[in-house]
Amino acid sequence: MKQQELMIRQAVKEDHEAIRHVLIKSYEQYEPQFTEEGWQNYSAALRAAVDNPNMELMLVAELEGKVVGTLQMFRSSEQAYDKPEMGITSAIVRFLGVDPDVRGKGIAESLLRKSIDLTQSWGENVLYLHTSDKMQAAIRLYERMGFERALDKEFVNQNGTHVKSYQYVIKKEQPAGS
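Going by the annotation in an unreviewed UniProt entry, the name recorded for the chain is Acetyltransferase, with Bacillus zhangzhouensis given as the source organism.

Here it is as C-alpha cells:
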C-alpha cells in the first residue's frame, strides 16, 4: 500500500464545513464529561470558532484530499481569549483537532510543527497553547514535543475549569563558530 500523503496548508473558506465536522468529531470523546447543556454550549462554541474574525489564520491537515485535522493561530491573548491581562503578545494555538479515524499518523504533531514554523516566521520565539486535564493524550503530545508549562499564563474559565498553559520556546540558531 502506498504511503498516504499528508499536506498541511492554510484553510480557505471552502474548508469551513469540513473543519466544523473534524472539530466536533475530534472533541466528541469529551461529551460524557459535560452536562447535556454543557456539551450543547461547547459544541456550539466549536462550530462558531471556525468563523472567529480575531484569528490570524487556520491550518488544515489534508489526507487523500480530505480535511482530517485543524488548528487555529492567534497573535495575542487579547485576540485568542479577549484577555489582554494575560499578557501574551506572541502566537497562540487553539482548537487543535484530528479526526479520530486517522489518529496515530502524526497529524497533530505536523500541525503543531507548522505552527511553530509560522511563529518563527512572524519573528516571535514563543508559541503558547492552553488545555485542561480532560485532554491527557494531547498533554502527552505537547510534552513529548518540548512544550513546557507556563504557570503564569494559566486561568480558570467561566465553568470553573483550571486551564493549563504550555509554551514552546523556539531556540535561536547559534552562529557557526560561536
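Q: Break down helix α1 (residues 16-27) for me, citing the residues and quoting the values.
A: For α1, which comprises 12 residues, the first-to-last C-alpha distance of 16 Å matches the rise-based estimate of 16 Å (1.5 Å per residue) to within 8%. Taken as a whole, α1 has its buried residues at H16, I19, R20, V22, L23, I24, S26 and Y27. Tucked into the core, α1 has its buried residues touching α2 (36-49), β2 (57-63), β3 (66-74) and β4 (91-98).

Q: Could you give an account of the pairing of β3, with specific residues and numbers?
A: In terms of residue burial, β3 counts as a mostly covered element, since 8 of its 9 residues are buried. Two elements, β2 and β3, share 7 bridges in a ladder whose sense is antiparallel. Within the sheet, the bridge partner assigned to L59 lies in β3 and is L71. From the end of β2 to the start of β3, which pair antiparallel, there are 2 residues, and E64 there has a positive phi angle of about 50°. Looking at chain direction, β3 and β4 are connected through 5 bridges and run antiparallel. Bridge assignment links G69 to a residue of β4, and that residue is V98.

Q: Give a detailed account of the packing of aromatic side chains, specifying residues and quantitative values.
A: Counting across every chain of the model gives 9 aromatic pairs. The interplanar angle of 45° and the centroid separation of 6.0 Å between the aromatic rings of W39 and Y42 together place this pair among those described as tilted. Within this pair, W39 and its partner Y42 are both found in helix α2, separated by 3 residues, close to a single helical turn. Overall, the relative accessible area of 6% leaves W39 in the buried class. With relative accessibility at 24%, the residue Y42 sits in the partly exposed group. Put simply, the rings of Y27, Y30, F34, W39 and Y42 touch in pairs and so form one group of aromatic residues. Here the basic side chain of R75 rests over the ring of W122, its NZ or CZ set 4.2 Å away from the ring centre. When the ring centre of F155 is taken as origin, the NZ or CZ atom of K83, which lies over that ring, is 5.1 Å away.

Q: Report on unusual backbone geometry, specifying residues and quantitative values.
A: For D82, which is not glycine, the phi torsion reads 60° and is therefore positive. With respect to the helices and strands, D82 occurs in the loop between α3 (77-81) and β4. On the basis of relative accessible area, D82 is assigned to the exposed category, the value being 61%. Residues other than glycine seldom take positive phi values, yet F95 does so here, at roughly 55°. Summarising the element assignment, F95 is placed in strand β4.

Q: Hey, could you go over the layout of surface pockets for me, with residue numbers and the actual values?
A: By volume, the largest pocket amounts to about 1400 Å³. Around the largest pocket sit 45 residues that line it, and Y27, Y42, H130, T131 and M135 are the ones nearest its centre. For the lining of the largest pocket, the secondary structure elements donating two or more residues are α1, α2, β4, α4 (107-121), β5 (126-131), α5 (136-145) and β7 (155-156). Tallied by class, the residues present in the lining of the largest pocket amount to 23 nonpolar, 14 polar and 8 charged.

Rules used throughout
- Residues numbered from 1 in each chain as written.
- Predicted model: local features only at pLDDT ≥ 70, side-chain atom pairs only at ≥ 80, totals over all residues.
- Heavy atoms only, no water.
- Helix = DSSP H or I, 4+ residues; strand = E, 2+ residues; numbered from the N terminus.
- Expected span 1.5 Å × (residues − 1).
- Buried < 20%, exposed > 50% of the residue type's maximum accessible area, 1.4 Å probe, protein only.
- Contact = heavy atoms within 4.5 Å.
- Pairing = 2+ DSSP bridges.
- Phe/Tyr/Trp six-rings, centres within 6.5 Å; stacked < 30°, edge-to-face > 60°.
- Lys NZ or Arg CZ within 6 Å of the ring centre and 35° of its normal.
- 1 Å grid on protein atoms, 1.4 Å probe; cavity = no way out; pocket = protein on both sides within 12 Å on 5 of 7 lines; lining within 4 Å.
- Points joined across faces, edges and corners; volume = space filled by probe spheres on them.
- Nonpolar A, V, L, I, M, F, W, Y, C, P; charged D, E, K, R; others polar.

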